[in-house]
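Understanding the architecture of this molecule
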Amino acid sequence: CVVERWRAGAIDLACASDGDGYAVVSSTAADGWTASVDGRDVDWLTADVMRRAVPIGAGTHRVQWRYATPGPGARARRSRPTRPSRRTRRPCGRCT
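Just so it is clear, the model here is predicted, and its values are computed rather than measured.

1. A closer look at the sheet that holds strand β4 (residues 33-37)
Through backbone hydrogen bonds, the strands of a sheet pair up, either in parallel or in antiparallel fashion. Taken in spatial order, the five strands of this open sheet run β1-β2-β8-β4-β5, and their pairing is antiparallel. Unpaired on one side and paired on the other, β1 (2-7) and β5 (40-42) mark the two borders of the sheet. Taking the axes of each pair of neighbouring strands and ignoring which way they run, one obtains an average angle of 25° across the sheet.

So this is what it looks like as structure tokens:
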């Protein structure tokens, strides 16, 4: 992945992958973050305890992360059951 923009509350990536994998950012896995891949909202995963990841398939993709301070009743679009690890993540889908 290539970082196109990294500012407080906004991270934009351009990613290309030969197969299924994850786009990972080295940024705190805090509630309040939302993610989209190719303009579609997606749930994100905590990767390696502190990073955030979204699944991507083969091809080129635009990944956007946005942060808004969570308020009462706010729900992070985070998927909790599965966490990619260093063993399952493919290098071509990794951004740090």
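Having seen it, we continue.
2. Some words on the nonpolar core
Counting 14 residues, the largest nonpolar core has Leu 13, Val 54, Val 63 and Trp 65 as the members making the most contacts within it. Of all the secondary-structure elements, those providing two or more residues to this core are β2 (10-17), β3 (21-25), β4, β7 (51-56) and β8 (59-67). Setting aside its immediate chain neighbours within four residues, Val 63 contacts Ile 11, Asp 12, Leu 13, Cys 15, Ala 23, Ser 36, Val 37, Val 54 and Ile 56.

3. What about unusual backbone geometry?
Notably, Asp 38 is not glycine yet its phi reads approximately 55°, a positive angle. Here Asp 38 shows up in the loop between β4 and β5. You will see that Val 49, though not glycine, has its phi angle at about 70°, which is positive. With respect to the helices and strands, the residue Val 49 is situated in the loop between β6 (45-47) and β7.

4. Quick look at the state of the cysteines
In this structure the tally under the stated criterion is one disulfide. Residue pairing for Cys 1: its cysteine sulfur links by disulfide to Cys 15, the two sulfurs lying 2.1 Å apart. In this structure the cystine formed by Cys 1 and Cys 15 twists about its S-S bond by roughly 110°; its chirality is therefore right-handed. In this pair, Cys 1 is assigned in the segment before β1 and Cys 15 in strand β2, connecting sequence segments 14 residues apart. Classification of Cys 15 as buried rests on a relative accessible area of 3%.

Rules and cut-offs
Residues numbered from 1 in each chain as written. Predicted model: local features only at pLDDT ≥ 70, side-chain atom pairs only at ≥ 80, totals over all residues. Heavy atoms only, no water. Pairing = 2+ DSSP bridges. Helix = DSSP H or I, 4+ residues; strand = E, 2+ residues; numbered from the N terminus. Axes fitted to C-alpha atoms, helices over the stretch in contact; angles between N-to-C directions. Core = buried A, V, L, I, M, F, W, Y, C linked by side-chain atoms within 4.5 Å. Buried < 20%, exposed > 50% of the residue type's maximum accessible area, 1.4 Å probe, protein only. Contact = heavy atoms within 4.5 Å. Disulfide = S-S within 2.5 Å.

The quantities given are spatial measurements derived from coordinates; they are silent on function.
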